[in-house]
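Residue-level structure breakdown
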Amino acid sequence: MRVVPDETATFDLITMGRSSIDLYSNDLGAPFEEITSFAAYVGGSPTNIAVGCRRLGLEVALLTAVGDDKVGDFILHFLKAEGVDTRFIPRKPGTRSSAVILGIEEERFPLVYYRENAADIQFDIGDLLAVPIADARALEVSGTGLCREPNRSATLLATERAQAAGRTVFLDLDFRADQWDDPRAFGVNVRAILPQVNVAIGTEEEFNAAMLRRAEDIVIRDQQISAPEIHGDLEANIGAILSLNNGPEVLVVKRGSEGATIHLRSGEVIRVPGFPVETLNILGAGDAFASGLIFGRLSGWDWYRSGRMGNACGAIVVTRHGCANFMGYLDEVLEFVESRGGF
C-alpha cells in the first residue's frame, strides 16, 4: 500500500481523539507519593501525533473537544502556537478538559487519568459532519476514542467517510484499560472498526488486547496503565487480523528499543531496528513513532524507511520529559538518523 499524493487536499492529516493537560513529575526517580512539583504539558495520543506530524512539516488538523475552562484554553493555546489547525475543536459547556498525572519512578511510570465527564468524549456526529474529512490525505484515530459515546459513533463515521473518499485510515490502538467498563470491550470495538482501517499501529500488548477474550489476561502493576501485561498469542492474533476479508493491509508492531515489526497482508514481515538511547520517560514514545511513520508514508517512503523514521522520533522523545511539547523537528530527526548510521 502506498499513499497517493493529492495536491488538492487541504490537510495532509487529520487526527481524532483525546486531548489533555499532562502534569509530569519534576522529581525524577521519586516514588509517586513523594512528588513535590509537576511540569505542565499537553498530551493525549492523537494530540501528540498531530503535533509530531506538524513539527515534521505536515499540514495537520486535530479533532477533539475541550471544556469551557482554563485547561481548554491551555490546550488550544499550545496547539495554535504549534501550527495545528484547531478550527474543528468545539468547546463543550458542562464538561471538563481532561488531565493526566504522571510519575517518573525507577523504571516505572505510574499514571492517573482524570477523564470523568471528559470533553473530548463529547465530540459527536454533529461535530464530525462539520469536518471536511475528504480534504485530508489521511485520517488517524485511536482505540480510546471508541470507549464511550458519543465519540465512539463519531469515530466510526469519520473512518467510514475517509474510506468512502479513498483516504488512508491509520488506527493507533492506544489501549488504556481503565478507560473501559470492561477491558474486553476494547477488542470488541477495535474489531468493529478494523474494516474501515488501512494501517493499525500498536504494541505487542495492544494487539493481544484487540483479540482479548478473558479479562484475567490483563495485569496492571504499579498503576502502569500505559504498559500493562497482556497475555496472548501475538503471531496468531496478527494472523487473524490480517486474514479478515475487510481489514487492515498493514499491522505495525511497536517494540520499544528493539524497533518495530511491520506485517503486510501479503505475508511479508519487515523488521526495522531501533536506535538505542538512554531512557528518561517512555510516555509519548509510541505517539512519536506514529508521527514519524505517518510522515514517511505521506512522503512516499517505503515501509522500512518510514519505520526507521518512526523509531528515530520515538528514540528522541524517550530522552525527554514529556510528550507533545518534546516531539522532534524534521531537521533534528534527520540529523539524529544520519548520526546513527542513516536509514
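Read on for an overview of the structure. If you're wondering where the values come from, they're calculated on a predicted model, not measured in any experiment.

Structural notes on the sheet that holds strand β15 (residues 260–264)
The strand order across the open sheet formed by 8 strands is β4-β1-β9-β10-β11-β14-β15-β16, and the pairing between neighbours is mixed. Looking along the sheet, the strands with just one partner apiece sit at the ends: β4 (60–63) and β16 (269–272). Pairs of neighbouring strands in the sheet enclose a mean axial angle of 15°, with direction left out of account. In terms of strand pairing, strand β11 (residues 199–203) meets strand β14 (residues 250–254) through 5 bridges, oriented parallel. Its bridge partner being in β14, T203 is matched across the sheet by K254.

Brief notes about the sheet that holds strand β8 (residues 111–114)
Pairing in this open sheet of 4 strands is mixed, and the strands run β3-β2-β7-β8 from one edge to the other. Both edges of this open sheet fall to β3 (38–43) and β8, since each of them pairs with a single strand only. For this sheet, the mean angle separating the axes of adjacent strands, direction not counted, is 20°. In this sheet, β3 lies alongside strand β2 (residues 20–25) in antiparallel orientation, the contact comprising 6 bridges. Residue S25 lies in a different strand from β3, and its bridge partner there is F38. Contacting β2, β3 and β7 (98–102), helix α2 (residues 70–82) runs over the sheet at an angle of about 65° to β3.

Quick word on helix α7 (residues 234–242)
Where α7 is concerned, the buried positions are L234, N237, I238, I241 and L242. An end-on view of α7 places all buried positions within 130° of arc, on one side of the element. On its buried side, α7 packs onto α6 (204–210), β14 and β15.

Overview of helix α5 (residues 184–193)
Among the residues making up α5, those that are buried are F186, G187, N189, V190 and I193. The secondary structure elements touched by the buried residues of α5 are β9 (136–142), α4 (151–164), β10 (168–172) and α6.

Rules of the game
Residues numbered from 1 in each chain as written. Predicted model: local features only at pLDDT ≥ 70, side-chain atom pairs only at ≥ 80, totals over all residues. Heavy atoms only, no water. Pairing = 2+ DSSP bridges. Helix = DSSP H or I, 4+ residues; strand = E, 2+ residues; numbered from the N terminus. Axes fitted to C-alpha atoms, helices over the stretch in contact; angles between N-to-C directions. Contact = heavy atoms within 4.5 Å. Buried < 20%, exposed > 50% of the residue type's maximum accessible area, 1.4 Å probe, protein only. Arc of directions from axis to C-beta.

Interpretation note: all reported values are geometric properties and have no functional meaning in isolation.
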